[in-house]
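# Structural description and commentary
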Amino acid sequence: MKIKNEIDLKFKGHFWIDEFNDLQKRANKRKEELNKELSKKDGEQEDILHYLEFKKCDAIITSKLVKKLKEVRKERRLIKEELEAVQRITQGINERKEKNRNYKFRTNVIMEVLEGYINNNGDE
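From a predicted model like this one, the values you see are computed outputs, not experimental measurements.

All right, on to the overall build of the chain then. Of the regular secondary structure elements, the chain holds three helices and zero strands. If you list the helices and strands of the chain from N to C, you get α-α-α. Counting over 124 residues, the chain shows a buried share of 15%. Considering only intrachain contacts with a sequence separation of at least 6, the fraction spanning at least 24 residues in the chain is 72%. Summed over all atoms, the accessible surface of the chain reaches about 11,200 Å², with 53% contributed by carbon and sulfur.

With that out of the way, let us pick up the packing of aromatic side chains. Considering all chains together, one arrives at one aromatic pair under this definition. Here Phe15 and Trp16 contribute two aromatic rings whose centre-to-centre distance is 5.0 Å and whose plane-to-plane angle is 80 degrees, an arrangement assigned as edge-to-face. Judged by its relative accessible area of 39%, Phe15 is partly exposed.

It is worth spelling out the pattern of salt bridges at this point. Overall, the coordinates contain nine salt bridges when judged by the stated rule. Glu33 is paired through a salt bridge with Arg30; the nearest N and O atoms lie 3.0 Å apart. Placement of the pair is Glu33 and Arg30 together in helix α1 (residues 4-54), with a separation of three residues, close to one helical turn. Linking Lys41 and Glu44 is a salt bridge whose minimum nitrogen-to-oxygen distance equals 3.2 Å. Here Lys41 pairs with Glu44, and both are found in helix α1, just three residues apart, close to one helical turn.

Moving on, we get to the side chain of Gln45. Along the chain, the position of Gln45 falls in helix α1. Residue classification places Gln45 among the buried positions, given a relative accessible area of 11%. If near-sequence neighbours (up to four positions away) are discounted, Gln45 is found in contact with Leu69, Val72, Arg73 and Arg76.

With that settled, consider the confidence of the model for the chain. Averaged over all residues, the pLDDT of the chain is 82; the fraction at 70 or higher stands at 74%. Considering each helix and strand of the chain separately, the mean pLDDT is smallest for helix α3 (residues 109-121), with a value of 68, and largest for α1, with 87.

Now for the environment of Lys31. Structurally, Lys31 is set in helix α1. Of the residues examined, Lys31 reaches a relative accessible area of 26% and is grouped as partly exposed. Spatially, the C-alpha atoms of Lys31 and Val86 are 6.4 Å apart, while their sequence positions differ by 55 residues.

On to a nonpolar patch on the surface. Where nonpolar side chains cluster on the molecular surface, the patch consists of Val109, Ile110, Val113 and Leu114 and spans about 320 Å² of accessible area. Along the chain, Leu114 falls in helix α3.

Judged by nonpolar contacts, Ala27, Leu34, Leu38, Ile79, Leu83 and Val86 together constitute the single largest core of six residues. The set of elements that each furnish at least two residues to this core consists of α1 and α2 (59-101). Leave out the neighbours within four places in its chain, and Leu34 touches Ile79, Glu82, Leu83 and Val86.

Criteria and cut-off values
- Residues numbered from 1 in each chain as written.
- Predicted model: local features only at pLDDT ≥ 70, side-chain atom pairs only at ≥ 80, totals over all residues.
- Heavy atoms only, no water.
- Helix = DSSP H or I, 4+ residues; strand = E, 2+ residues; numbered from the N terminus.
- Buried < 20%, exposed > 50% of the residue type's maximum accessible area, 1.4 Å probe, protein only.
- Contact = heavy atoms within 4.5 Å.
- Areas by Shrake-Rupley, 256 points an atom, 1.4 Å probe, with all protein chains shown as cover.
- Phe/Tyr/Trp six-rings, centres within 6.5 Å; stacked < 30°, edge-to-face > 60°.
- Salt bridge = Lys/Arg side-chain N within 4 Å of Asp/Glu carboxyl O.
- pLDDT = per-residue confidence, 0-100.
- Patch = residues over 30% accessible without salt bridge, like charges linked within 9 Å, V, L, I, M, F, W, Y side chains within 5 Å.
- Core = buried A, V, L, I, M, F, W, Y, C linked by side-chain atoms within 4.5 Å.

This is the structure in structure tokens:
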């Protein structure tokens, strides 16, 4: 005889596993996109700085380049902030996988259920 709650719990379990896997895929994909965007902004920044370093610039050109540099820096900051958030998600996923190997029991439920088995077989 099947209990209705067991079916519901199984369905919910699959739902959360699918959600977790989807989040991991989206975070990894977004991380790649953000790294490309960050690289592009780094290149733009370097181009502006090298132009200022090696070319003669009047006040108007210098002003336009500095204005563009500020814009690039603001965009770069937004990318870095989002990248940091995404990296926290992906690092958290990797840390959880490693932590599960060294799980420490917080209650005595396992000991209560397996008390006779563990004591008779010497497994602790």
